[in-house]
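Residue-level structure breakdown
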Amino acid sequence: MLVAVRQRDGSEAAVLETLHKVSDPLSTSYGRHLSLAQLDALSSNREGAEAVAAWLALRGFAGVAPTANFHYVRATATPAIIAESLGEECLPTCVPPAALAAHARTVATWAAARHGGDESRRSMRDKRQGERRGQRILGGGGGGGIYPGGNTTLSLLNRRYAIASNRVRNLGATQAVFAIGDNFDPRDIAQYRADLGLPSDLPPITTAGANNFPFECPADPNLCLESSLDLEVISSIAQGGNTTFWKEDANEQGFFYEWLVHVAAEPNPPLVLSLSYDLLESDPRYRDGWDVQFNLEAAKLGVRGVSLVVASGDDGVAGYPARSNAELCGFHPSFPSSSPYVTSVGGTMGPEHLDPGASTEEVACTSDGGGLITSGGGFSNKWPTPSYQATAVAGFLRSGAGALPPASLFNASGRAYPDVALLAHNYPTLVGGKYYQVSGTSASTPAFAALLTLLNDALLGAGRPPVGFVNPAIYHIALSAPTAFHDVTNGTNNCCAAIADPICCEHGFDAQAGWDPVAGLGSVDFGKLKAAFLSLANTHTHT
């Protein structure tokens, strides 16, 4: 069980204010991130954590222990004790009872009582099909080299996004990918690097969290496809930086929160975190304040200079439940992509097509246009439009007024996503010794995360702080140096992901000039983006 401890009075507001100051490029505190010790001094509530622990211990909970920073309390108990102390409805989450409410925000009992592992890892994966971005296998396995044409390869990404060098020289420019129950085989990573002709001195992938099971990859590629894609993309675009595979147990219903709690406890977490999973914003796992708690933890990471990059989804405005049921069409924002404190990445396609006469324009990735997935995007129903994107979103609502979906279908005052988009179609991915084509925002997301790692490498090499929570800066750069972005102006996100005959809903958003909820600000010219970030860093003196 996990109990989120309320921070001291006023400290949550102080965390958000600090995030604004260190992330706003116009602030004199831009880049002045806090250490873990400084953040804990600002936000920890030891008295509250100890009060929660005492209350639980008195009622028979076992293994009661506050986390090191006193932000949470862990415990285990029988279902009977949980029901007696917290109520029979406290599964998997609940608001704390009145006796705890002064010290606790929310309670999760997903790991409080174990029942012998009655569901295998595979059955849990089957239940999570909608949560996975890019799980489908497209095309046959070859086992030889990279497919020769029609694919998004490293060389194409470098050309399209003006990436002059993929090499990371600064050891502080670290990165990680998140996995839920997925695995990877280090032999696939080594072979993938060899096939691309990458340097032989690149560091191996490090692991954290739950155990990795590489033997599952040859037996069933679907059990390793997501993680293999993420790792191969991020570690080939940003070569040489330490890359961590951070896995959470698929049997934990609170995998997002457990991951953030673990990362938050690290004195030196990876500076860039890539997350290729999502749930609907309305999912019951986000009830009882856990969505608010996620946002707080994401904001704390930003205060420490960590970037959290999240896939916008593969099913347009409707979300994955509508893939097989048109009656579920509608505007259903995904979370954590709709969090104001993450960078949401959508998908594009076009330049990978090498057929004679085919257009190589970069357009929004859409399943009805041959992209197999549709870039997710829309407006949050929970979180208001953050100040950093207010101008961009207002421009979209104003210029697209005549072509917008009915106003009753979406929350025009909500946090809008995605923020950016990159190529998301046909990534050759090596799993179990064979290549497969994979499409999804789970490809564009680690790709953009890798670009942030390359930015961090340049900044750290210049004696500057990392990019941290990058959204305020990229929206600022979109206004001050617009050529750092490739505007994506074609595509509609009304269809769901499908290999063939996708379900297309009546309404969606259209890509247009400027920011839009299909491809965000567009894709990037990395050379110009790097120059813009170095210029931002040079406007402030850091000691």
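I will try to describe carefully the structure that is included in this document. Keep in mind that what you see is a predicted model, and the values were worked out from it rather than measured.

**Some remarks on the overall build of the protein chain**
Secondary structure assignment for the protein chain yields 16 helices and 21 strands. Its C-alpha radius of gyration of 22 Å places the protein chain within 12% of the 24 Å reference for a compact globule of 543 residues. Taken along the three principal axes of its C-alpha coordinates, the protein chain extends 75 × 55 × 55 Å. Taken across its 543 residues, the protein chain has 60% of its residues classed as buried. Long-range contacts, defined as pairs at least 24 residues apart, comprise 81% of the intrachain contacts of the protein chain with a sequence gap of at least 6. Summing over all exposed atoms, the protein chain offers an accessible surface of approximately 19,400 Å²; the carbon and sulfur share of this is 54%.

**As for the layout of surface pockets**
Estimated volume of the largest pocket: approximately 830 Å³. Mapped by element, the contributors of at least two residues to the lining of the largest pocket are helix H1 (11–23), helix H12 (290–303), strand S15 (378–384), helix H13 (390–399) and helix H15 (471–480). When grouped by side-chain class, the residues that make up the lining of the largest pocket number 23 nonpolar, eight polar and three charged.

**Some points on the nonpolar core**
Membership of the largest hydrophobic core comes to 118 residues, with the highest contact counts inside it found for Ile237, Phe256, Phe485 and Phe533. Examining the composition of this core, we find that 10 residues originate from one element, helix H14 (residues 441–461), more than from any other. Residues within four places of Phe256 in sequence aside, it is in contact with Phe178, Ile180, Leu275, Tyr277, Asp278, Leu279, Tyr286, Phe294, Phe335 and Pro336.

**Notes on the pattern of salt bridges**
In total, this model carries 12 salt bridges according to the counting rule given. Its salt-bridge partner being Asp201, residue Arg167 comes within 3.2 Å of it at the nearest N-O pair. Of the two residues, Arg167 is situated in the loop between helix H7 (154–160) and strand S6 (175–180) and Asp201 in the loop between helix H8 (186–196) and strand S7 (206–209); the sequence distance between them amounts to 34 residues. What makes Asp201 exposed here is its relative accessible area of 53%.

**A word on the pairing of strand S3 (residues 72–76)**
Where strand S1 (residues 2–5) and S3 come together, three bridges link them in antiparallel fashion. From the neighbouring strand, Ala4 faces S3, where its bridge partner is Tyr72. Hairpin connection from strand S2 (residues 62–66) to S3: five residues lie between these consecutive antiparallel strands, with Phe70 at a positive phi of about 65°.

Conventions and cut-offs
Residues numbered from 1 in each chain as written. Predicted model: local features only at pLDDT ≥ 70, side-chain atom pairs only at ≥ 80, totals over all residues. Heavy atoms only, no water. Helix = DSSP H or I, 4+ residues; strand = E, 2+ residues; numbered from the N terminus. Rg over C-alpha atoms; globule rule 2.2 N^0.38 Å. Buried < 20%, exposed > 50% of the residue type's maximum accessible area, 1.4 Å probe, protein only. Contact = heavy atoms within 4.5 Å. Areas by Shrake-Rupley, 256 points an atom, 1.4 Å probe, with all protein chains shown as cover. 1 Å grid on protein atoms, 1.4 Å probe; cavity = no way out; pocket = protein on both sides within 12 Å on 5 of 7 lines; lining within 4 Å. Points joined across faces, edges and corners; volume = space filled by probe spheres on them. Nonpolar A, V, L, I, M, F, W, Y, C, P; charged D, E, K, R; others polar. Core = buried A, V, L, I, M, F, W, Y, C linked by side-chain atoms within 4.5 Å. Salt bridge = Lys/Arg side-chain N within 4 Å of Asp/Glu carboxyl O. Pairing = 2+ DSSP bridges.

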